[in-house]
Amino acid sequence: MEMPPLVAMVGNPNAGKSALFNALTGARQKVGNYPGVTVERHSGRLALDDGRPVELVDLPGAYSLEPSSPDERVTRDVLLGAQSGERRPDALVVVLDAANLDNHLRFAMQLIALGLPVVIALNMVDLAERDGLVLDPTVLARELGVPVVPTVAVRRRGIDTLRATLTGLVGTAAAPTAPAAPVEDIRTLQRRARALSKAATVSETPTRRWHHALDSVALHPVFGPILLVALLFVMFQAVFSWSEAPIGWIEDGFTALEAALKGMMPDGFLRSLLTDGVIAGVGAVLVFLPQILILFLFILVLEASGYMVRAAFLMDRMMAGVGLSGRAFIPLLSSFACAVPGIMATRTIEDEKDRLTTILIAPLMTCSARLPVYTIIIGAFIPARQVVPFVGLQGLVLLGLYLMGIVGAFVAALLLRRTVTKGESSGFMMEMPKYQLPRLHDVAIGLWSRAAIFLKRAGTTIALTTVVLWALLSFPQAPAGQSQVEYSVAGRIASGLEVIVRPIGFNHDIALALIPAMAAREVAVAAIGTAYAIDDTEDASGAKSLVDHLRGRWSLPTALAFLMWFVFAPQCISTIAVTRRETNGWRWPVFMLAYLFVTAYVMAGITFWLATFAGL
Ligand SMILES: Nc1nc2c(ncn2[C@@H]2O[C@H](COP(=O)(O)OP(=O)(O)OP(=O)(O)O)[C@@H](O)[C@H]2O)c(=O)[nH]1
Ligand SMILES: [Mg+2]
């Protein structure tokens, strides 16, 4: 039996190839695999206007004929007739995003130069028009020498014309084959593409022009990710450097308060409760308010400016690579502030398995509650050295911890999607909002509500936990000459726990800190602070700072293992509670606790032993 002619859909990623392919073929589709690679082959049947059948194949999106990924290689090889398991296409439907004409035309011109019959689908004209861009397809057709059909794939607009044009193009003697032109170098191509898109522009609003200019950087396949990483890096550096002064003020305030109380009250029980318990505990957490606010300031500004969705768009391919949808990006990003709103934001993910996976990995995004723990340990153990100008070692380590969480989350997603949450991943669907200057008022309100949530936590959960911990640490009273901490109830519980955590390099102090930190991570710092404050009154050596205590008692491998533990350990009652609510039962929160604790234990152990063997 003779094979029907083969027509390939080809174009830049996200031009709308698959949407057009679906509109053209309807339900008559087949999914297979190209031999030897993990790239899917989507094909379907289409009847031309004169009844002849053609086979339509939806090629992976590519930026050019020079492949930079397995997907792009398949696209190139199919187009050159070099892909095993595929014939060379008899004609091409080149799909362009009208709102991104200059970038997409570059590839289109390379494709036309291949010399196959080509029809151009000028897709997404609806979005272009919404943004204030009107194009003239006849100018494009004249200059490129191939037919151009405006389409809106998702509304099926232009589909009939596209099929009619294909009918005239495929297999007929009169097929207007484009002349096989020599391929020019990429710079010339870019210049021609820009000139051509300008010529085809009937009208364009100034706003749309500068939005487009911004997008051509923000969404660029190379510069886009560089910009994103640079922004994240500036954000994390700022979290450290901008917060220095306000942290100093808060610390001074609490020291003054403590001194005032000590002056007013006689030494005793109530004074110890107030100074060592409440003030030491709440103070140790409150000093991180500046850092949390700086982090939120960046997130809020990026969100309000319209950049966040671009970042999501950039991340989409990466997310798809681990079986998640682009939609998971916003919940995961929110989880950098706090996993609770992050997990609640997964409601926008329709696919149940997608959503569950996102919930399960959300706690791996470094939430603001880890920041106090990270900063204090980094401040104590990592020297404040400049690696290169403007890049400090401490900032780099902090960035590394964030990246650890992200990589961990991606690996977890990959594994989960192959096992417990197996299933097809759904596509990305997101509209680019316009860029705009963030409104001061909105950002201020956002910051205030975040601060309020944090202060409320510090005032309730955290204050209560530290008081309970103080009580556990203060009773029973140790006889003279013995360490109060060792002798106390908490000290004895910690001694039991220490047996479990000793193999991963944790000492008694850490075992002690882990008990209250199960309720909320940031309490770990307060707990260590409280324990050392109580011990301090014993040895009467005068108040040492928490950092001095840490340096004296912890080794570097222990500190690193502790950091690694905090990247993975699921120590937050609120997260567990919201997971239970969002998944309707205890099954998934229990699973989450189990897999995260095991990972934390293993990773902290590996870190400790590697650092020990490296002689740190
Ligand atoms: N508004 C509008 N949206 C569109 C149009 N065509 C496609 N889309 C949307 O744009 C997004 C990308 O479309 P796809 O068809 O997946 O793009 P693609 O070219 O197949 O992308 P890759 O397979 O990643 O290369 C989807 O969310 C579509 O729903 C259109 O004409 N107008
Ligand atoms: Mg596609």
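The name an unreviewed UniProt entry gives the protein is Ferrous iron transport protein B, with Sphingomonas endophytica as the organism.

S.K.: What should I look at first to understand the site of ligand 1 in this one?
M.R.: The local shell around ligand 1 holds 18 residues, among which Asn14, Lys17, Ser18, Ala19 and Asp126 are the closest. Measuring from an oxygen atom of ligand 1, one finds a backbone N or O atom of methionine 124 at 3.2 Å. Here ligand 1, which alone exposes 650 Å², has 80% of that area covered by the protein. Looking at the shell around ligand 1, the elements that each hand over two or more residues are α1 (17-25) and α4 (125-130). With three residues, α1 is the largest single contributor of residues to the shell around ligand 1.

S.K.: Can you help me understand a nonpolar patch on the surface in this one?
M.R.: Together, Val217, Val222, Phe223, Ile226 and Leu227 make up a nonpolar patch on the protein surface, roughly 430 Å² of accessible area in all. Residue position: valine 217 is located in helix α8 (residues 206-218). Look at valine 217 and you get partly exposed, because its relative accessible area is 42%.

S.K.: For this particular structure, what's the right way to read the pairing of strand β4 (residues 53-58)?
M.R.: Residues in a regular strand point their side chains to alternate faces of the sheet. Across the six residues that make up β4, a large majority, five, are buried. Note that strand β1 (residues 6-11) and β4 share four bridges and pair parallel. Across the sheet, the residue bridging to leucine 6 is glutamate 55, located in β4. The antiparallel hairpin formed by strand β3 (residues 40-47) and β4 contains five residues in its connecting segment, where glycine 51 sits at a positive phi of about 90°.

S.K.: Could you clarify how one ought to interpret unusual backbone geometry in this entry?
M.R.: Residues other than glycine predominantly adopt negative phi, and peptide bonds predominantly adopt the trans conformation. Of note, the bond from phenylalanine 475 into proline 476 is cis; its omega dihedral lies within 30 degrees of zero at -15°. Within the secondary structure layout, proline 476 lies in the loop between α19 (440-474) and α20 (484-487). If you check the backbone angles, methionine 124 has positive phi at about 60° while not being a glycine. Within the secondary structure, methionine 124 is located in the loop between β6 (118-123) and α4. Its relative accessible area of 18% is what places methionine 124 among the buried residues. Phi at asparagine 584 takes a positive value of approximately 60°, unusual for a residue other than glycine. Counting through the fold element by element, asparagine 584 comes out in the loop between α26 (573-583) and α27 (587-613).

S.K.: Help me understand the sheet that holds strand β8 (residues 148-150) in this model?
M.R.: Hydrogen bonds between backbone groups are what pair the strands of a sheet, and the pairing can be parallel or antiparallel. Pairing is mixed across the open sheet formed by seven strands, whose spatial order is β2-β3-β4-β1-β5-β6-β8. Of all the strands in the sheet, the pair left with one neighbour each is β2 (29-33) and β8. Within the sheet, the average angular offset between the axes of one strand and its neighbour, ignoring direction, is 25°. Relative to strand β5 (residues 91-97), helix α3 (residues 101-112) is tilted by about 170°, and along the sheet it contacts β1, β5 and β6. Along the sheet face, helix α5 (residues 137-144) touches β6 and β8 and points at about 160° away from the line of β8.

Thresholds, definitions, all that
Residues numbered from 1 in each chain as written. Chains lettered and ligands numbered in written order. Predicted model: local features only at pLDDT ≥ 70, side-chain atom pairs only at ≥ 80, totals over all residues. Heavy atoms only, no water. Near = heavy atom within 4 Å. Polar contact = N/O pair within 3.5 Å; in protein donor to acceptor, adjacent residues only side chain to side chain. Areas by Shrake-Rupley, 256 points an atom, 1.4 Å probe, with all protein chains shown as cover. Helix = DSSP H or I, 4+ residues; strand = E, 2+ residues; numbered from the N terminus. Patch = residues over 30% accessible without salt bridge, like charges linked within 9 Å, V, L, I, M, F, W, Y side chains within 5 Å. Salt bridge = Lys/Arg side-chain N within 4 Å of Asp/Glu carboxyl O. Buried < 20%, exposed > 50% of the residue type's maximum accessible area, 1.4 Å probe, protein only. Pairing = 2+ DSSP bridges. Axes fitted to C-alpha atoms, helices over the stretch in contact; angles between N-to-C directions. Contact = heavy atoms within 4.5 Å.

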